[in-house]
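Remarks on the overall topology
Below are the chains, spelled out letter by letter.
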Amino acid sequence: MTSQRIVSLVPSQTELLFDLGLTAAEVVGRTKFCIHPADRVRDVARVGGTKNVAVERVMALRPT
């Protein structure tokens, strides 16, 4: 099975993904508002805000 590469654009969903046990290797992108859990999102690339996503940054992260 291929590992997932997720870019989360919703803060509550980002938190849920980590609560479900995903790692920064799987959650590869987030918005500047996705700040929880702080100790785990600090290593995840930021791709802008929830309403002004930098599409080129998202594509560079190669989400699945």
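So, here's what we can say about the structure. From a predicted model like this one, the values you see are computed outputs, not experimental measurements.

Calculation notes
- Here the residue index of a chain counts from 1 through its sequence in written order.
- Residues qualify for local features only when their pLDDT is at least 70, as the model is predicted, and side-chain atom pairs are given and counted only at 80 or more; totals for whole chains, interfaces and linings, by contrast, use all residues.
- Each side-chain value is worked out from all heavy atoms of the structure, with water and hydrogens disregarded.
- A run of DSSP states H or I qualifies as a helix once it reaches four residues; a run of E qualifies as a strand once it reaches two. Both are numbered from the N-terminal end.
- The globule rule used here is 2.2 Å times the number of residues to the 0.38 power, and the radius of gyration it is set against is calculated over C-alpha atoms.
- Three labels apply to residues, based on accessible area from a 1.4 Å probe with only protein chains included: buried if under 20% of the type maximum, exposed if over 50%, partly exposed otherwise in between.
- What makes two strands pair is DSSP finding at least two bridges between them.
- Contact between two residues is taken to exist if any of their heavy atoms lie within 4.5 Å; hydrogens are not considered.
- Comment: axis = line fitted to C-alpha atoms, over the contacting stretch for helices; angle = value between 0 and 180 degrees taken between N-to-C directions.

**Some points on the overall build of the protein chain**
When helices and strands are counted, the protein chain shows three helices and three strands. For the protein chain, the N- to C-terminal ordering of α and β elements is β-α-β-α-β-α. Relative to its length of 64 residues, the protein chain is compact, with a C-alpha radius of gyration of 11 Å against a globular reference of 11 Å. For the protein chain, the spread of C-alpha atoms along the principal axes amounts to about 25 × 25 × 15 Å. Burial statistics for the protein chain: of 64 residues in total, 31% are counted as buried.

**As for the sheet that holds strand β2 (residues 27-30)**
Strand order in this open sheet of three strands is β1-β2-β3, and the pairing throughout is parallel. Of all strands in the sheet, those bounded by a partner on one side alone are β1 (6-8) and β3 (45-46). With three bridges connecting them, β1 and β2 associate as parallel partners. Following the sheet pairing, V7 is matched in β2 by G29. Those strands touched by helix α1 (residues 11-19) are β1 and β2, and its axis lies near 140 degrees from that of β1.

**A look at the side chain of T31**
Here T31 shows up in the loop between β2 and α2 (38-41). The buried category is assigned to T31, whose relative accessible area is 0%. Beyond its immediate sequence surroundings of up to four residues, T31 is in contact with S8, L9, R46, V47, G48, G49 and T50.

**Some details on unusual backbone geometry**
In the segment running from H36 into P37, the intervening peptide bond is cis, with an omega of -5 degrees. Locating P37 in the fold gives a position in the loop between β2 and α2.

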